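Each chain, letter by letter, is given below.
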Amino acid sequence: MRNLFVFGLLFLFCGPVFSQTATIRGKVTDSQTGEPLPFCNVFINNTTIATTTDLDGNYILDNVTEGEFELGYSFIGYQAVQKPASIRPGSQLTFNISLVSLEQELSDVEVKASRDRNWERELRRFKNYFLGNDDMAAQCEILNPWVIDFPTDNSSNNFRAEAIQPIEIENKALGYKLTFDLKAFQFTPNYYIISGATRFTDLEAPDAKTRAEWERKRLDTYLKSPANMFRAMIVNQHNQEGFYLYGDKAGGSESRNLRSDVFANELGKSVVPYKPDNLVQAGRRPGEYRIYMKGRIEIHYEKGYSTVNTYKDAPYPISWVEVNGNYVQVNSNGMILNQKDVIFSGDMDKRKIATLLPLDYQPNLAERVNTQVARDANGMQEKVFLHTDRAFYYQGDPILFKAYFNYANMDLKRELSKILYVELISGERDMILQKKFKIENGQAFGELFLPDTLSQRTYYLRAYTNWNRNYGPDTYFVQALPVLSPYERITASEISQAKSEDIIVGFSTPENSYGKREKVKVSLTIKDKEGRPVASSISVAVRDGKFAPELIERPSIGQTLQIKDVPSNITTEKFTYPLEKEWNVSGRFLNEKGRPAAAPFTVYFNNFEGMLDLESDKDGLFTLEAMDFYGPLEFTFMALDKKGKTFGSFELVERLNPPFFVPSSLRFPKISKVNESIFEKLPTSDEAIPLEQVTVESKKEDSGNRAIYGRADYVIKGENLNRNGNITDLLMSLKSQVPGMNVTTTLEIRIRGGATSSNLSMEPLVMINGAVMPSAPGVRAADNIATVNPNDIDRIEVVSRMSSMMGDLGRNGIIAVYLKQGPSQAPLLGSNTPGLNNLIIDGFGFPPSFIPFNYEQAEEKPEIDQRVTLFWDPYVVTDNETGTFSFEFYANDSPGEKIIEVLGLSIEGKPVQATYSIPIRQ
């Protein structure tokens, strides 16, 4: 719900810090008779500070902290009353009150706690809105529901409730009994109102374990509350408490719905950091503050995990707050004083009575205050671990991975490396592939596409940051990675896969075994040894046991991420390699004599849509700073002499890779050759339409452009295509000019013989004016091509080979359509202009593009389903309320068991690692 209007004390999770106290005394009587009311409840609103009147109606509240508050009075058969009060330290306040008896008597029906079915239905809605709908709310019980009533004109757009007596609630999640005097309750699609006063009483714990669990949940509730955030902002410690604030960027996206689901892509574009430094001002009274918060503020609580993710790379609770008048008024503990003006949405909007804590709750924050972060060589360590979807691969497969990081000091996570290097290295130490990936929130996601031309068996997968290099090769992640042909097998050997010791992963499925192509539903639960749910960030992979059996022992995440002590004599001042928080590219300018020289020059990029003016130094060196793009991009460099003519040349200064050392613990398995392929051959399609043989004089024609996929194998001009408006004629004319291309009677396109991609598509990828078109089950390449007017086509470029630059999407080739209007038109200053230097710079690696296959939705079903990886989700999080995650996948045609692998880290950094096998019925 976007709008939140709460008049009451729902979010005041704070504890008084003043040591000076005072006393309140008085007498409670009947307003009509003047008779004293014994055993009347007297309390300070939303606290555990309470007492009852004696036989003469007198009461005394001792040790009341100074300040402003509300006194609450409640007595059965009388209207509850709250009175504002203010007290100074060491003083006494006398407060006499007369209560008015209720005119409405409880009927026999109400006393028996029985109502009609409509009332019961309304009560269920009320509990959901009033208590909440999470696991903590499920542990709350309304003890006297018969005191609650609902107007007859209630509707889904205007739901109201009232209570003729205080509502008694037993909260077994936090260990409190609440007596809530409901004054107003209204719930609409745009806002809700919960108004009343609450008296807290500690429940009696049945044992010490339950008491400890209550204390743990109380602290966890407080730490992620708005009160803790505002308290930390006052002393500029909100980042240390895990709260990071962002504001909408001027000119950015007007709606969150228009943003992508990757926060790293939105930061700096649609949202920017919102720093409350110097925004905290003194309030009207001592101990009060005003915090300036203009516009919509996005709040990330990075010390928690949330199963509802706004962004894939931000698996923690995210909220938004907007303040009427731009100022939040709070006391020194973060208590919101102007709640009517504060509007929450997102995670903090979900908080209801089930998460309410008393104002006098005092969290133990002693260990969190004034902690000094060690910024020495020992405290600034970081280590990385890669979880790959499999332990070995076949030629042409994509490697899907998630990178987990551990830090010697978690408070420095944001201040350390932002770039991860992942490399594929051959057994002869040759660099085969290298990609860099963005690190966000101690994680990175990506894929590497293995060329189908790899001829060796032994390869290594290495991952590291530039900062790792200062600590030596022992801090790198290195994994043995066999790459097989279909005619090679790994010899079985005894292995011992690591399992997490402190975290237990439980698996469950509705059936004990499944048939081929059958939907498999899996539920997993992550708990600690005491059986408590664990919040964690994990990745889940499912692979086929025939094609990728459990034959290779892989590194343990717990051992790999261990931080080792660094000798005290080693300091960061002696380090050679700097922290990389942004990506910079270095280059050199050479004059016409081939010598480095200082010169101003211009850099064009993005097809000449953008430009930079730079200057090289006397050594010819220059730097392109803060580069931020994905995939390869062409940059054009141009230097002009005094006469305005282009001169000189440019080159990139290649980054030196660290030497490769094989850890002594790595062992490659034995690999043998066989005569039979592990994959069955696809039968030849009977639906293919034969065409007359075409003689091609020139296979590769220069299109004049460098695209992300490199050079095209075939370029067909628009005038050589049949463009009468019929997609079939267009494809047939294209097919006649591209040898090896097949078009079936159902207009399915085959270029490379039908290699199956991760989403079981055997069709080429379609791009229009450089934009990648949807590629998913049920979406044909012909459908994408048919979205353009054939008469607008300038040319079609076809890549008949596998395009590794496009990852798994380029497995079956590419058909790139360029239109006469738009980006396909050559600019006035083209890349083939004399005197220009064109250099391709490879940007960040793309996030993984795995799409699980769904037999229920797919229009095209493969004749043989030989998927090796059946499921891959690196974005899974579990919370500390349930610790559960459920997913489903479809089995393939292989008789091999389906192996589920779960790996990750708990919120406390403990390793989570487990496997589970599901048999397949023959």
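Residues numbered from 1 in each chain as written. Predicted model: local features only at pLDDT ≥ 70, side-chain atom pairs only at ≥ 80, totals over all residues. Heavy atoms only, no water.

(A) Focus on the overall build of the chain. A tally of regular secondary structure across the chain gives 9 helices and 53 strands. Relative to its full complement of 922 residues, the chain shows a buried share of 51%. Long-range contacts, defined here as pairs at least 24 residues apart, represent 70% of the contacts in the chain between residues at least 6 apart. Carbon and sulfur atoms provide 47% of the accessible area of the chain, an area that totals close to 43000 Å². (Helix = DSSP H or I, 4+ residues; strand = E, 2+ residues; numbered from the N terminus. Buried < 20%, exposed > 50% of the residue type's maximum accessible area, 1.4 Å probe, protein only. Contact = heavy atoms within 4.5 Å. Areas by Shrake-Rupley, 256 points an atom, 1.4 Å probe, with all protein chains shown as cover.)

(B) View of the nonpolar core. Counting 58 residues, the largest nonpolar core has Phe126, Phe130, Ile169, Phe230 and Met293 as its most contacted members. Once residues within four sequence positions are removed from consideration, Met293 is found in contact with Phe230, Met233, Leu245, Tyr274, Val321, Val323, Asn326 and Val328. Judged by nonpolar contacts, the second largest core, of 37 residues, contains Ala403, Leu420, Leu481 and Leu903. (Core = buried A, V, L, I, M, F, W, Y, C linked by side-chain atoms within 4.5 Å.)

(C) Local environment of the pairing of strand β36 (residues 600–605). Relative to strand β37 (residues 610–615), β36 is paired through 6 bridges, and the arrangement is antiparallel. The partner of Thr602 across the bridge, within β37, is Asp613. (Pairing = 2+ DSSP bridges.)

(D) Quick peek at helix α5 (residues 226–234). Within α5, 9 of the 9 residues are buried, which leaves it mostly tucked inside the rest of the structure. Downstream of α5 by one or two residues, Asn236 has phi in the positive range, about 55 degrees.

(E) Structural detail: empty space enclosed by the protein. Taken as a whole and assessed by the stated rule, the structure comprises 7 cavities of 30 Å³ or more. Around the largest cavity sit 14 residues that line it, and Val262, Asp313, Lys438, Phe445 and Pro847 are the ones nearest its centre. When grouped by side-chain class, the residues that make up the lining of the largest cavity number 8 nonpolar, 2 polar and 4 charged. (1 Å grid on protein atoms, 1.4 Å probe; cavity = no way out; pocket = protein on both sides within 12 Å on 5 of 7 lines; lining within 4 Å. Points joined across faces, edges and corners; volume = space filled by probe spheres on them. Nonpolar A, V, L, I, M, F, W, Y, C, P; charged D, E, K, R; others polar.)

(F) Region of interest: the confidence of the model for the chain. A residue-level look at the chain finds 85% of positions with pLDDT of 70 or above and a mean pLDDT of 82. Confidence over residues 684–706 falls short of pLDDT 50; this stretch has 35 contacts with residues more than four positions distant or in other chains. Across residues 822–831 the pLDDT falls below 50, and counting only partners more than four positions away or on other chains, this stretch makes 20 contacts in the model. (pLDDT = per-residue confidence, 0-100.)

(G) Focus on the pattern of salt bridges. Counted under the stated rule, the structure contains 35 salt bridges. With its nearest N and O atoms 3.7 Å apart, the salt bridge here joins Lys519 to Glu888. Remark: Glu888 occurs in strand β51 (residues 884–890) and Lys519 occurs in strand β33 (residues 519–528); sequence separation between them is 369 residues. Note that Arg532 is salt-bridged to Glu530, the shortest N-O span being 3.8 Å. Residue Arg532 is classed as partly exposed on the basis of its relative accessible area, which comes to 29%. Given the relative accessible area of 48%, Glu530 is considered partly exposed. In the salt-bridge network here, residues are joined through shared partners; they are Glu213, Arg216, Asp528, Glu530 and Arg532. (Salt bridge = Lys/Arg side-chain N within 4 Å of Asp/Glu carboxyl O.)

(H) View of unusual backbone geometry. Residue Phe39 is not a glycine yet carries a positive backbone phi of 65 degrees. If you trace the backbone, Phe39 turns up in the loop between β1 (21–30) and β2 (41–44). The exposed category is assigned to Phe39, whose relative accessible area is 55%.

(I) Structural detail: the sheet that holds strand β19 (residues 297–301). The strand order β16-β15-β19-β20-β22 describes an open sheet built from 5 strands, whose pairing is antiparallel. Since the sheet does not close on itself, it has two edges, and those belong to β16 (271–273) and β22 (342–346), each with one partner. Strand-to-strand twist of the sheet, defined as the mean angle between neighbouring strand axes without regard to direction, takes the value 30 degrees. By the bridge criterion, 3 bridges tie strand β15 (residues 243–248) to β16 in an arrangement that is antiparallel. (Axes fitted to C-alpha atoms, helices over the stretch in contact; angles between N-to-C directions.)

(J) Local environment of the packing of aromatic side chains. For the structure shown, the criterion picks out 51 aromatic pairs. Aromatic side chains Tyr176 and Phe200 sit 5.4 Å apart centroid to centroid with 80 degrees between the ring planes, which places their arrangement in the edge-to-face category. Of the two residues, Tyr176 is situated in strand β13 (residues 176–187) and Phe200 in strand β14 (residues 192–202); the sequence distance between them amounts to 24 residues. Since its relative accessible area comes to 2%, Tyr176 is described here as buried. Site record: aromatic cluster; members linked through ring pairs are Phe126, Tyr129, Phe130, Phe150, Phe159, Phe180, Phe185 and Phe187. Its guanidinium or amino end placed over the ring of Tyr421, Arg655 lies 3.7 Å from that ring's centre, counting from NZ or CZ. Its end group placed over the ring of Tyr818, Arg795 keeps NZ or CZ at 4.0 Å from the ring centre. (Phe/Tyr/Trp six-rings, centres within 6.5 Å; stacked < 30°, edge-to-face > 60°. Lys NZ or Arg CZ within 6 Å of the ring centre and 35° of its normal.)

(K) Spotlight on helix α8 (residues 727–735). Taken as a whole, α8 has its buried residues at Leu730, Leu731, Met732, Ser733, Leu734 and Lys735. Of the surrounding elements, those touching the buried residues of α8 are β42 (714–717), β43 (742–743), β44 (749–750), α9 (781–785), β47 (793–799) and β48 (814–819).

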